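Here is what each chain is made of, one letter per residue.
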Amino acid sequence: AQKVTQTQTSISVVEKTTVTMDCVYETRDSSYFLFWYKQTASGEIVFLIRQDSYKKENATVGHYSLNFQKPKSSIGLIITATQIEDSAVYFCAMREGWTGGYKVVFGSGTRLLVSP
Amino acid sequence: EAAVTQSPRNKVAVTGGKVTLSCNQTNNHNNMYWYRQDTGHGLRLIHYSYGAGSTEKGDIPDGYKASRPSQENFSLILELATPSQTSVYFCASGDAALGGLVAETLYFGSGTRLTVL
């Protein structure tokens, strides 16, 4: 069964610095998709960025980028020049193929606190 | 803009009672999901659906049923609610095409806070 693990429960940084959040996954499929979602203080959950397993280039969207290390089954989220409003809970997620039932499963989340 | 609406926003139920959580999406997405969020566990998948008439078990389906009567609506049913089902429940719709391994972005509702006394 597919599994997504986030070991960092919480991270605190000073604004304008760079932070990396870790995520490792388990899958039996050769092709899959990895995602990061953000949950704001209001509880809203929104999609941030995606990495397709067959792509070697790391995805980048705005000040979010990914560090995809396929041999290590790892997909880290990097936030550069952090802002106060980046304070949130960040979830890593994966969508597999038929071995995983094509469903999307999530990790336990990492809470990021950005302070002035 | 994708829109997923959950009702009710808050619900207090008694142990042994029946609870129905509703979800409506106007995105015309095939896939819909129910997750529960608990501290330390993140988002755990309860049931999901590929389209009207279909329901699939997720990772923690025990004690829950799901119903997808139409493309737009997906309900989560607790036939005999227990205090352990106290949680925040999120519904989401996914934009993947029917069948096949493709990327899928999920659009979440605002959540339902359920308390079972």
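All values derive from a computational prediction rather than experimental measurement. (Residues numbered from 1 in each chain as written. Chains lettered and ligands numbered in written order. Predicted model: local features only at pLDDT ≥ 70, side-chain atom pairs only at ≥ 80, totals over all residues. Heavy atoms only, no water.)

Our next topic: the interface of chain A and chain B. The partner chain B presents 22 residues to the 23 residues of chain A that form the contact. Roughly 1,900 Å² of surface becomes buried between chain A and chain B when both sides are summed, with 61% attributable to carbon and sulfur atoms. Summed over the shared surface of chain A and chain B, the result is one salt bridge. Across the pair Glu104(B) and Arg95(A) runs a salt bridge, and its minimum N-O distance is 3.0 Å. (Contact = heavy atoms within 4.5 Å. Buried area = accessible area lost by both parts, 1.4 Å probe. Salt bridge = Lys/Arg side-chain N within 4 Å of Asp/Glu carboxyl O.)

Quantified by volume, the largest pocket comes out at close to 730 Å³. Residue lining of the largest pocket: 33 residues in total, with Gln39(A), Val89(A), Arg111(A), Gln37(B) and Thr39(B) positioned closest to the centre. Elements with a minimum of two residues in the lining of the largest pocket: strand 10 (88-95) and strand 12 (110-115) of chain A together with strand 4 (31-38), strand 9 (87-94) and strand 11 (112-116) of chain B. Take the lining of the largest pocket: its biggest share by element is four residues, from strand 12 of chain A. Within the lining of the largest pocket, the residues separate by chemical class into eight nonpolar, 21 polar and four charged. (1 Å grid on protein atoms, 1.4 Å probe; cavity = no way out; pocket = protein on both sides within 12 Å on 5 of 7 lines; lining within 4 Å. Points joined across faces, edges and corners; volume = space filled by probe spheres on them. Helix = DSSP H or I, 4+ residues; strand = E, 2+ residues; numbered from the N terminus. Nonpolar A, V, L, I, M, F, W, Y, C, P; charged D, E, K, R; others polar.)

Residue and element names in this part refer to chain B. Evaluation of the coordinates by the stated rule reveals six salt bridges over all chains. The shortest N-O distance in the salt bridge between Arg-44 and Asp-38 comes to 2.9 Å. A residue is classified by how much of its surface remains accessible, and Asp-38, at 15% relative accessible area, is buried. Residues Lys-65 and Glu-79 are paired through a salt bridge, measuring 3.7 Å at the closest nitrogen-oxygen approach. One end of the pair, Lys-65, is in strand 7 (residues 65-67); the other, Glu-79, is in the loop between strand 8 (75-78) and strand 9, and 14 residues separate them in sequence. The partly exposed category is assigned to Glu-79, whose relative accessible area is 33%. (Buried < 20%, exposed > 50% of the residue type's maximum accessible area, 1.4 Å probe, protein only.)

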